[in-house]
Amino acid sequence: YFGYTAVFMGVNGVPKLMDLLDEPLPGVGTYEDFNTIDWVREKSKDRDRHREITNKSKESTWALMKSVSDAFSGWLLMLLIGLMAGALAGGIDISAHWLTDLKGGVCLNGFWFNHEHCCWNSNETTFVERDKCPQWKSWAELIIGTAEGSFAYIVNYVMYVCWALLFAFLAVSLVRAFAPYACGSGIPEIKTILSGFIIRGYLGKWTLVIKTITLVLAVSSGLSLGKEGPLIHVACCCGNILCHVFTKYRKNEAKRREVLSAAAAVGVSVAFGAPIGGVLFSLEEVSYYFPLKTLWRSFFAALVAAFTLRSINPFGNSRLVLFYVEFHSPWHLLELVPFILLGIFGGLWGAAFIRANIAWCRRRKTTRLGHYPVLEVLVVTAVTAVLAFPNEYTRMSTSELISELFNDCTLLDSSKLCDYINVNITKSSNELADRPASTNVYMAMWQLALALVFKMLITVVTFGMKVPSGLFIPSMLAYYHHDWVIFRGWCSPGADCITPGLYAMVGAAACLGGVTRMTVSLVVIMFELTGGLEYIVPLMAAAMTSKWVADAIGREGIYEAHIRLNGYPFLEAKEEFSHKTLAMDVMRPRRSDPPLSVLTQDSMTVEDVETLITETSYSGFPVVVSHESQRLVGFALRRDLTISIENARRRQDGIVSTSRVFFTEYTPPQAPSSPAPLKLRSVMDLSPFTVTDHTPMEIVVDIFRKLGLRQCLVTHNGRLLGIITKKDILKHMAQMANRDPDSILFN
C-alpha cells in the first residue's frame, strides 16, 4: 500500500506486476515553487473525488453524512473567511486611526484613546472647536506646557516627523526581517496566483501577521498610500490559511483558487464597505476562473465580512468606511459635460501615473536604489512628513481628507471648505441660500491645490516601496472641483446649485478608473460608498471616459504593468493576439537546438530516467513509443517521476539502477535473472493536449487562456515534433511587441 509497484510470483515463476498507485504517493500531483498548475488535471481530480463520494453515499448513512459535510464545507469556509477578514479589517481600522492621532498628541484619560474618542465624553468642547478638549494634549502642551506660539508649532512639527519615521522604520524592518512578500499592494501577485501560478509563502501565515501589523504602521506614518489593496491581500491570506483546514481545498490547487477569488471579494467588501462591488471587482479585475458557484460563495463571504465589520463599528459612525456620504440634490443634464471632462482628466492622469510609477520602479530594480529599501522608505517618509505637516489637508489621514472632500456643506459644518459668509438665513430651516465665499474658502482652495500636486508626485514614488501600500485612496484624491459661475443659470433661489462633494466623488472615480481600468465594479463600489443611487449615470460617464482616454494612451492598467515589470507568467485575457504565426514558429526545440528530451515507454532503465532528470531542468517530459517512431504516448512531470523513483528505491525490493521502467499497461515477461521492473504508468498523463504544427498561434493562445494549460505538445501526422509552454507563449508575445523576451522570469 505504499503506492509503488509490488511484484508477486505468478504462474510458472513469471513475475506478475501490480500497480498500487491507486493509493497516491505523498507529493505526487503537487507542484514546485514558481511553477504553473495544470488546471485540467486538478479539475479532473476533483471530479473523480466527487464521483467517488457520491457513489459511496448510497452505501451507508455514515458515507451520506460525509457527502453532506463535503458539500457544506465550502459554505463553512466562506463563513470563516468572512469572519476572520472582517475582524482583522476592524482591528486595522481602529489601530491605524489611533496611531495616526498619536502623531499629534496623546489622551490623558488613557493613551489608547484616539483624539475623537478622547473628546467624546468631554463637556468642555465647543461647536466650532469640537476637537479641542482638556483631556487631549498635543505634544507641545506636554513638553513645553503651551499650545500657542511658534515654538509650540516647531515642537509639534518635530514630533510629527519623528513618529512618522518611527512607524515607517518599524514597518519596513518587519517586512524585511520576517515576510518580504508583505510589501506592496499584493494585487498583481494575487492576479498571477489566481491564474494558476504558485508563489509559496505569498499567502502564508507569516505574511498575514506581518502585513496586518505593517499595514497599520505604514498608513499611520502618513505615507501617500491606502490600505485597500493590502486588505485584499490580507483577506486572501485568510482564505489560503483556512483552506488547510479542509482536505478538499488543501489537496486541490484549482479548488483553492476558487476560494481565493471569493477572498478577494471579501477584501474589497471590508476595504470599502461594498460587498456587491467586491464580488464584481473579483470577477472583473482579479479572477482567472470564476464559475457560477464561486459567484454565490463570494457574495455570501462578502456579506459575512461586511456584517462582521459593521458589528465592530471601527469608525463609531455605524458605517463601514470613514468617508460614507449621502447626497440628495439632483444633478442637472448640463453637468454631464464637466463629468465627462473629469473622466478625460482621470484617464490622462491615470496613464501618466502608470508611466511615471513603472519608470520609477524599473529604476529601483535596475540601479543601486533597490539595494537600500530601508533608507528609501525613511527618506520618502521624511520628505512626506516635512512637506505634509504645514498643510492641514496633507497632514490629516487620507481617509479623513476624502471624507472632507466628499462631504456636502450644511449650516452645521465647521470645515474651512464650508466657511461661507452667512447672509439672510431664516432660522427655521437648514437650507443654504446662495452665500458668498469667505477668505477661508479661498485659502482652503489654495491648500487643496497644493495638496493635489504634492499627492500626485509623492504617490508615484511611494507605490511599490517595501512597505504594504495600496493605490485606491491616493488615486481618489486626485481631483476636486468647486462651484463655477457658469452654473448659476439654472439654480432656483435658495436651493443647492451644485454639490462640490459630488464632483470630488466623480473625480475620484475617474482617476481610479484611469489607473486601474476598472469600470463596472468601480461604479458599484462608488455608489455603495456614497449611498447615492441617482448618481450612477455621472459615475458611469466618468468611469467609461477615463477608461477610453487611458486605453488610447496605453493598454495596460497599473496591475498589469506591475505584472509585466516583475516578469510573472500571466496570460492577460484582455490582450488580443493579432499576429499570423503558427505553432511550429513558437515550439521548442528550434531548428538549431538539440532534439527534444523524451522518455520511451519501455526501453529505458531507472538510471537513464534519473540521468535525464539531472541533466535537464524541464518541468516534464513527453513519453514516446521509441526514439525512432516518436509516436506520442503521454506526458510525465519531473516532480512525479523523481518522487516515484525515490519512493520505489526506498520501499520496494529489487529496484536498482538497471531496473527497466515501463509506461505501458502490460509488462512483458522478464528473464528470471533481471532486476524487478518499475511501472510508472500511473504518474503519466495519458491525454496530454496536442496541436498540429500548422495550428495558428492565436488558437493556441486561446486554448492556453481558456483551459489554463501548462504545456501543449506539437505533432505532425501523429509524430511528436516539439512542445509549447506558457513561458514560450509569453516570450513570443513579448518578442512580437518588440519587448525583451527574457523579462519573463519564472517557469
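Residues numbered from 1 in each chain as written. Predicted model: local features only at pLDDT ≥ 70, side-chain atom pairs only at ≥ 80, totals over all residues. Heavy atoms only, no water.

- Going by what an unreviewed UniProt entry lists, the protein chain is known as Chloride channel protein and is assigned to Scleropages formosus.
- Heading Sequence similarities (unreviewed entry) of the UniProt record for the protein chain holds this comment: "Belongs to the chloride channel (TC 2.A.49) family." (UniProt positions renumbered as here; feature names shortened; annotations may be inferred.)

### Structural notes on the overall build of the protein chain
And step 1. From N to C terminus, the protein chain includes 27 helices and 14 strands.
And step 2. Excluding contacts between residues fewer than 6 apart, the proportion of contacts in the protein chain whose partners are at least 24 apart in sequence is 71%.
And step 3. Surface summary for the protein chain: the accessible area is close to 33700 Å², and the carbon and sulfur share equals 61%. (Helix = DSSP H or I, 4+ residues; strand = E, 2+ residues; numbered from the N terminus. Contact = heavy atoms within 4.5 Å. Areas by Shrake-Rupley, 256 points an atom, 1.4 Å probe, with all protein chains shown as cover.)

### A closer look at the side chain of Ser 521
And step 1. Along the polypeptide, Ser 521 turns up in helix H20 (residues 520–530).
And step 2. For Ser 521, the residues in contact, after removing those within four places along its chain, are Gly 277, Leu 280, Phe 281 and Glu 284.

### Looking at the UniProt feature "transmembrane region" (unreviewed entry) in the protein chain
And step 1. Feature annotation in UniProt assigns "transmembrane region" (unreviewed entry) to the following positions: residues 72–92, 157–182, 203–225, 231–247, 259–283, 333–358, 444–465 and 502–527.
And step 2. The annotated region residues 72–92 carries 100% helix and 0% strand content, and the separation between its end C-alpha atoms amounts to 31 Å.
And step 3. Helix makes up 88% of residues 333–358 and strand 0%. Its end C-alpha atoms lie 38 Å apart.

### Re the state of the cysteines
And step 1. By the definition in use, this model includes 2 disulfides.
And step 2. Note on cysteine connectivity: Cys 107 is disulfide-linked to Cys 118, with sulfurs 2.1 Å apart. Handedness here is read from the sign of the S-S torsion; for Cys 107 and Cys 118, about 80 degrees, the answer is right-handed. Here the residue Cys 107 occupies a position in strand E3 (residues 105–107), and Cys 118 occupies one in helix H3 (residues 115–120), the gap between them amounting to 11 residues. A single burial state applies to Cys 107 and to Cys 118, both of which are buried.
And step 3. The disulfide partner of Cys 119 is Cys 133, and the S-S distance across this bridge is 2.0 Å. (Disulfide = S-S within 2.5 Å. Buried < 20%, exposed > 50% of the residue type's maximum accessible area, 1.4 Å probe, protein only.)

### Considering the nonpolar core
And step 1. Of all hydrophobic cores here, the largest spans 118 residues; its most connected members are Leu 77, Leu 203, Val 467 and Met 526.
And step 2. Non-local contacts of Val 467, meaning those with residues more than four positions away in its chain, are made with Ala 171, Val 172, Cys 183, Gly 184, Ala 218, Leu 223, Leu 225 and Val 377.
And step 3. Grouped together as the second largest cluster of nonpolar side chains are 21 residues, Met 604, Val 609, Leu 612 and Phe 663 included. (Core = buried A, V, L, I, M, F, W, Y, C linked by side-chain atoms within 4.5 Å.)

### Looking at the pairing of strand E13 (residues 711–716)
And step 1. Among the 6 residues of E13, 5 are classified as buried, and the element is accordingly described as predominantly covered.
And step 2. Sheet analysis places strand E12 (residues 690–692) next to E13, joined by 3 bridges and oriented parallel. Pairing of Thr 690 across the sheet is with Leu 713, part of E13.
And step 3. The β-α-β motif built from E12, the intervening helix H26 (residues 697–707) and the parallel element E13 has right-handed crossover chirality.
And step 4. Two strands pair when backbone bridges link them, and E13 and strand E14 (residues 719–725) are joined in this way by 6 bridges, in the antiparallel orientation. Bridge pairing links Thr 715 to Leu 720 in E14. (Pairing = 2+ DSSP bridges. Right-handed = clockwise from strand over helix to strand, strands pointing away.)

### Side note on unusual backbone geometry
And step 1. For the bond running from Arg 588 to Pro 589, omega is 0 degrees, close enough to zero to count as cis.
And step 2. Take Pro 589: it is sitting in the loop between helix H23 (583–586) and strand E5 (599–600).
And step 3. With a phi close to 55 degrees, Phe 34 is a non-glycine residue in the positive phi region.
And step 4. Topologically, Phe 34 is positioned in the loop between strand E2 (15–19) and helix H1 (39–57).
And step 5. On the basis of relative accessible area, Phe 34 is assigned to the partly exposed category, the value being 26%.

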